[in-house]
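Residue strings, one per chain:
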Amino acid sequence: MSELFYEIQGYFASNFSEYLTSLGEHISISLLSLLAAALIGIPLGCACVRNGRWEKWVTGCFQVLRIIPSLAVLILLIPIMGTGARPAVSALVLLAIPPILMNTAAGFKGVPEFMTETAAGLGMTGRQMFWKVEVPLALPLILTGMRTAAVEIVASAAIAAKIGAGGLGGLILTGLGLNRTDLLLVGGISVALLSLLFGALFGLAERWMLRYKYI
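Since this is a predicted model, take the numbers as computed values, not measurements.

Quick notes on the rules
Residues numbered from 1 in each chain as written. Predicted model: local features only at pLDDT ≥ 70, side-chain atom pairs only at ≥ 80, totals over all residues. Heavy atoms only, no water. Helix = DSSP H or I, 4+ residues; strand = E, 2+ residues; numbered from the N terminus. Buried < 20%, exposed > 50% of the residue type's maximum accessible area, 1.4 Å probe, protein only. Contact = heavy atoms within 4.5 Å. Core = buried A, V, L, I, M, F, W, Y, C linked by side-chain atoms within 4.5 Å. Salt bridge = Lys/Arg side-chain N within 4 Å of Asp/Glu carboxyl O. Axes fitted to C-alpha atoms, helices over the stretch in contact; angles between N-to-C directions. Parallel < 35°, antiparallel > 145°, perpendicular 65-115°, else oblique. Left-handed = near helix turned anticlockwise from the far one by under 90°. Phe/Tyr/Trp six-rings, centres within 6.5 Å; stacked < 30°, edge-to-face > 60°. Arc of directions from axis to C-beta.

1. Describing the environment of G107
Among the structural elements, G107 can be located in helix α4 (residues 85–109). G107 sits in the buried class, given a relative accessible area of 5%. Sequence spacing of G107 and L139 is 32 residues, and the spatial spacing of their C-alpha atoms is 6.9 Å. Residues in contact with G107, not counting those within four places in the same chain, are A138 and L141.

Structure (structure tokens):
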């Protein structure tokens, strides 16, 4: 155990800048994928609530895509997009859309009807009701979907190194190829801690945005 500790210590002493580069790539890919998934998933969730006929087909399609392993999606995208960050981000976006979409739809569906009726009685327009009544009430579930998607993205982004997109997955793959436990531990623990950090940050953001609930 002490030998393994010294190997890890030696890796950081010799390759700390390389480690920071991999960490930065991992965070960049994860944030870009989460942003793209939110920009697609949240409007689709709203549209599904507005048009109930869409919900079955839209959620069904993305749930089927979610069943397909991320690595398989990456391989399928290589002939179309080549290697690098683009196919990796595309695969991660497909993975992250379902929890955001479904939680958004559930959030808007859960808005009590009497709240919208009261808002209409007060003379609010449809746009005002949406932003001042529906969005605030749906926000807790939307944020929960974002947090779930963020954790899944960070954990799955390790696969991106398989097609040359960089990130912490490169350490894991190198560790597997060279049978180096120190690299496996550095890469695996870093990904796990990063996933926990993203989840914690979303938890803090939720507490801040919904601080009225905790008074």
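2. Examining unusual backbone geometry
A positive phi angle, near 55°, is found at N179, a position not held by glycine. One can find N179 in the loop between α7 (169–178) and α8 (181–209). Assessed through its relative accessible area of 68%, N179 is described here as exposed.

3. Quick notes on the nonpolar core
In this structure, L34, I100, F108, M146 and L171 are the most contacted members of the largest nonpolar core, which totals 45 residues. Of all the secondary-structure elements, those providing two or more residues to this core are α1 (2–50), α2 (52–67), α3 (70–81), α4, α6 (126–156) and α8. If one sorts the elements of this core by residue count, α4 sits on top with eleven residues. Each residue touching F108, except ones within four places of it in the same chain, is listed here: C46, V49, F130, E134, V135, A138 and I142.

4. Some details on the pattern of salt bridges
Going through the model one piece at a time under the given rule, you end up with two salt bridges. The partner of R180 in a salt bridge is D182, and the shortest N-O contact between them spans 2.8 Å.

5. What to know about the packing of α4 against α6
It is the contact of α4 with α6, at a shortest axis distance of 8 Å, that shows an interaxial angle of 155°. It follows from the interaxial angle that α4 and α6 lie roughly antiparallel. The handedness of the crossing between α4 and α6 is right-handed.

6. Examining the side chain of E134
With respect to the element layout, E134 can be found in helix α6. Those residues within four positions of E134 in sequence are excluded, and the remaining contacts are R50, F108, V111, T116 and M129.

7. Side note on the packing of aromatic side chains
Aromatic rings considered in pairs are described by the distance between their centres and by the relative angle of their planes. Under the counting rule described, the total for this entry stands at six aromatic pairs. Centre to centre, the rings of F12 and Y19 are 5.1 Å apart; their planes meet at 80°, and the pair counts as edge-to-face. F12 sits in the partly exposed class, given a relative accessible area of 29%. The exposure class assigned to Y19 is buried, which follows from its relative accessible area of 11%.

8. Side note on α7
Inspection of α7 places G169, L171 and G175 among the buried residues, and these make up the whole buried set. What you see down the axis of α7 is that its buried residues fit within an arc of 160°, all on one side. Of the exposed residues in α7, the ones pointing more than 90 degrees away from its buried face are G177 and L178. Looking at the buried positions of α7, the neighbouring elements they touch are α1 and α8. Taken from the residues just after α7, N179 is the one with a positive phi, measuring 55°.

All we've got here are geometric facts, nothing functional implied.
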